[in-house]
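Residues per chain are reported as follows:
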Amino acid sequence: MGKLLCCRVNCVESGISSHEFKVTDPQVAAKAVFQAMVRFHHPAHASEWSDPGIDTDFAQVWRLVLAGLLVGELIV
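*Asks:* Even after reading the chapter, I still don't get the overall build of the chain, so can you show me in this structure?
*Replies:* When you go through the chain residue by residue, the secondary structure sums to three helices and zero strands. Along the chain direction, N to C, the helices and strands of the chain fall in the order α-α-α. Along the first, second and third principal axes, the C-alpha set of the chain runs to 35 × 25 × 25 Å. Taking the contacts inside the chain whose residues are at least 6 apart along the sequence as the reference set, 48% of them involve residues at least 24 apart. Only carbon and sulfur atoms are counted for the fraction: they give 64% of the accessible area of the chain, which is about 5400 Å². Within the chain, one finds 6 positive and 8 negative side-chain charges whose respective centroids are separated by 3 Å.

Rendered as C-alpha cells:
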C-alpha cells in the first residue's frame, strides 16, 4: 500500500497547492481516498469488476470522494 498511497498523497498535495482541494492533511485525505476506492483496484475484489453496475458504482463513489476533497474536513 505504501507506493500507491504515496502517489495519492502527491495528488492530494497538488490539489491543496493549487487551492482546488480544501483538506488540510494530505496524508489523512489520501488514505481516505485509497480506502474508499479499494473495491475498484484491489485484486481481492476482482470478481466484482465484471458487475454490470461497476462503472456507475465507481462514478458515484468518485463524485462523493471528490466532493469531500473540495469541501474539506467536516467536524463531527
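*Asks:* Please explain the environment of Glu-48 as it appears in this structure.
*Replies:* Checked against the element boundaries, Glu-48 lands in the loop between helix H2 (26–36) and helix H3 (54–71). A relative accessible area of 28% means that Glu-48 is categorised as partly exposed. Distance from Glu-48 to Arg-63, taken between C-alpha atoms, is 20 Å for residues 15 residues apart in sequence. Residues contacting Glu-48, with those up to four places away along its chain left out, are Arg-39 and Ile-54. At 2.6 Å, the side chain of Glu-48 forms a polar contact with the side chain of Arg-39.

*Asks:* Before we go on, may I ask you to explain the pattern of salt bridges in this structure?
*Replies:* In the structure shown here, the tally under the stated rule is two salt bridges. The residue Asp-57 makes a salt bridge to Arg-39 at a minimum N-O spacing of 3.0 Å. Within this pair, whereas Asp-57 is found in helix H3, its partner Arg-39 is found in the loop between H2 and H3, the two being separated by 18 residues in sequence. You can call Asp-57 partly exposed: its relative accessible area is 23%.

*Asks:* How should I be thinking about H3 in this particular structure?
*Replies:* Along an α-helix, a turn takes 3.6 residues, which lines up residues three or four apart on a common side. For H3, which comprises 18 residues, the first-to-last C-alpha distance of 26 Å matches the rise-based estimate of 26 Å (1.5 Å per residue) to within 8%. Of the residues making up H3, those classed as buried are Ile-54, Val-65 and Leu-69. Down the axis, H3 shows its buried residues gathered within 45° of arc, on one side only. In H3, the exposed residues that point more than 90 degrees away from the buried face are Arg-63, Leu-64 and Val-71. Taken together, the buried residues of H3 touch H2. Just downstream of H3 lies Gly-72, where phi reads positive at about 100°.

Cut-offs applied
- Residues numbered from 1 in each chain as written.
- Predicted model: local features only at pLDDT ≥ 70, side-chain atom pairs only at ≥ 80, totals over all residues.
- Heavy atoms only, no water.
- Helix = DSSP H or I, 4+ residues; strand = E, 2+ residues; numbered from the N terminus.
- Contact = heavy atoms within 4.5 Å.
- Areas by Shrake-Rupley, 256 points an atom, 1.4 Å probe, with all protein chains shown as cover.
- Lys, Arg positive; Asp, Glu negative; His and termini not counted.
- Charge placed at Lys NZ, Arg CZ, Asp CG, Glu CD.
- Buried < 20%, exposed > 50% of the residue type's maximum accessible area, 1.4 Å probe, protein only.
- Polar contact = N/O pair within 3.5 Å; in protein donor to acceptor, adjacent residues only side chain to side chain.
- Salt bridge = Lys/Arg side-chain N within 4 Å of Asp/Glu carboxyl O.
- Expected span 1.5 Å × (residues − 1).
- Arc of directions from axis to C-beta.

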